[in-house]
Amino acid sequence: MTQNDSCCRFLSRVIYSCHWEQSSDNNSKRACCWFLFVALVSLLSLCWMYIWYIASNDQDEVNWNAFTKLNLWVNWFVVVMIISALLTSYCVLLLLFALIQLALQEPLDLHWLHKILLFLDVLVIVSGVTVITKFGRKEWSTVLLSMQAAGPFLQFGAVGALTVLSPFVLRGFHMADKKWSKLLIAVVFLTVSAVIFLCPLYIQSPCLIEKHNLPEKPKLIGHRGAPMLAPENTMMSFNKSIACGVTAFETDVQLSKDRIPFLMHDKNSGFLLRTTDVKEKFPNQNFNSSTSLTWDEYQTLNAGEWFLKADPFRSVSKLSEEDVETARNQTIPSLHQLLILAKQHNISVLFDLYNPDEENDTEDIVNTILNSGINPRLVLWLPPKKREFVKKTVPGFIQVYSNSENLQENKGNYLNAPYNLSMEKIRELRGMNVTVNLWVVNEPWLFSLLWCAGVSSVTTNSCHILKKMDKPHWVMALQTYNIAWISVNIVAIVLMTGLYMFHWKRHCFRHRTGIQNQRDNTSVLHDREQVSLLL
């Protein structure tokens, strides 16, 4: 490190360029292109992290889909999150040092190792986007939905980031030698600024309402019980959900070989592998159908040990020793057991029927429900097959539809749909006095948004978290928001105008000083020539 090098200058150069001394390579065009590439990859990385954060609401579904493809139960969501966070942090820090290089007027000589890592980051992002597009297209609508929850605050952040970066842009504008370079910088900067400043005109959110217009808090339905606190679809899980104050149990029903309805989500290929010890009890057999085993054989399987080993929601460490021991000894419950529990606590039951209706499955399910003695009004009937038979046999069941078209055709009043239902459709249905339940809602930000939109209830894995919420994350009157974003924009514009004037005056001063120095040098040379002639 030379005497002219400060610690900051030296550190920035070493990290960005991996050079101890100032580089002699002055290819400014190539260096500028790499700087733009660093900025672009950093922006893409931040966008990817945002997308993956939003996908955390569906991390259980992500892990389950990966399990069905790879037949290996790992918390793939967390693995991708860690890798993405590391790469994003690296890119953002690299961009920060690039800006320091600019501020210190150091050459932007990016080292080849950084170039390789940047391309690796791009490869990870492209792979992630491809996988989501192919296997989880719902996530793209979730990202758009999230903009209604975070859009106002992202805009404020974008204005702040634009203001912070503007000195570097303005400096580059004044230092540019060619007119086309200045024009390009000006057009890009003004276009980006206009988009950021004016995007609130297109931001819509159901939470931009007066507080007194906030709808009632949505009721909670336990998705397979309380799967963050206990193994899914076990009696322990449903008992835990009761403590959350759920108004209904959501589950999945299949039938055994001897026609006993029981609770199990997984089906077809990999049946029983994820949530039981079937490989240990039946090591030489593969089961792809619920009718492959009798009820007595199902009762020999352990349905809780997997939860302690896999820790799908990273919640096992928060369980008491008593809960851990209880979870370890869980078995597969029958539908009758769940109905008796629901009857005791006056809780509704919502279920889907996975078996193909080849052996009067619907009739067997209806008989099991009637034999339990539960109030028919507590049964939310979702399976579409033989719905007319069910209506005639037990008219007291509440008929639930999975899409608004079937609901309207059958003049129903209960919809069970994915959470990415449009806000406009929710308002329309609620205006028609239709009960709207959306699944699966786990994150408080999403619950807050749907609360503002007026949904009746949500099916959730995190009932213990949503239970504690007494209000949405934010509610703001539309007039207040308009005043806020206009004020923020005005402050940013004033600051950037001041910075522009500062750089412009500084540039003019340097230009005048340079001309004066050139004239002085010319005058000195002329005087010297005159002295030489006299001598």
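Check the entry above for the structure.
These lines cover the structure that appears in this document, whether it is placed above or below.

Parameters at a glance
Residues numbered from 1 in each chain as written. Predicted model: local features only at pLDDT ≥ 70, side-chain atom pairs only at ≥ 80, totals over all residues. Heavy atoms only, no water. Helix = DSSP H or I, 4+ residues; strand = E, 2+ residues; numbered from the N terminus. Buried < 20%, exposed > 50% of the residue type's maximum accessible area, 1.4 Å probe, protein only. Contact = heavy atoms within 4.5 Å. Salt bridge = Lys/Arg side-chain N within 4 Å of Asp/Glu carboxyl O.

Looking only at helices and strands, the protein features 20 helices and 9 strands. Per-residue burial for the protein yields a buried fraction of 45% across its 535 residues. Look at the contacts in the protein between residues 6 or more apart in sequence, and 66% of them connect residues 24 or more apart.

Take helix H8 (residues 235–243) next. All of the buried residues in H8 are Met235, Met236, Ser237, Phe238 and Ser241. Those residues of H8 that are buried are in contact with strand E2 (248–255), strand E3 (261–263), helix H12 (321–328), helix H13 (335–345) and helix H19 (463–466). Downstream of H8 by a residue or two, Gly245 has a phi angle that is positive, lying close to 80°.

This next bit is on the pattern of salt bridges. One pass over the full model with this rule turns up 16 salt bridges. With its nearest N and O atoms 3.2 Å apart, the salt bridge here joins Arg224 to Glu232. Here Arg224 matches Glu232 in class, with each residue buried. As a salt-bridge pair, Asp323 and Lys240 come within 2.8 Å of each other at their nearest N and O atoms. With Asp323 in helix H12 and Lys240 in helix H8, this pair connects stretches of sequence that are 83 residues apart. Judged by relative accessible area, which is 24%, Lys240 ranks as partly exposed. Residues participating in the shared-partner salt-bridge network are Arg224, Glu232, Asp252, Asp266 and Arg274.

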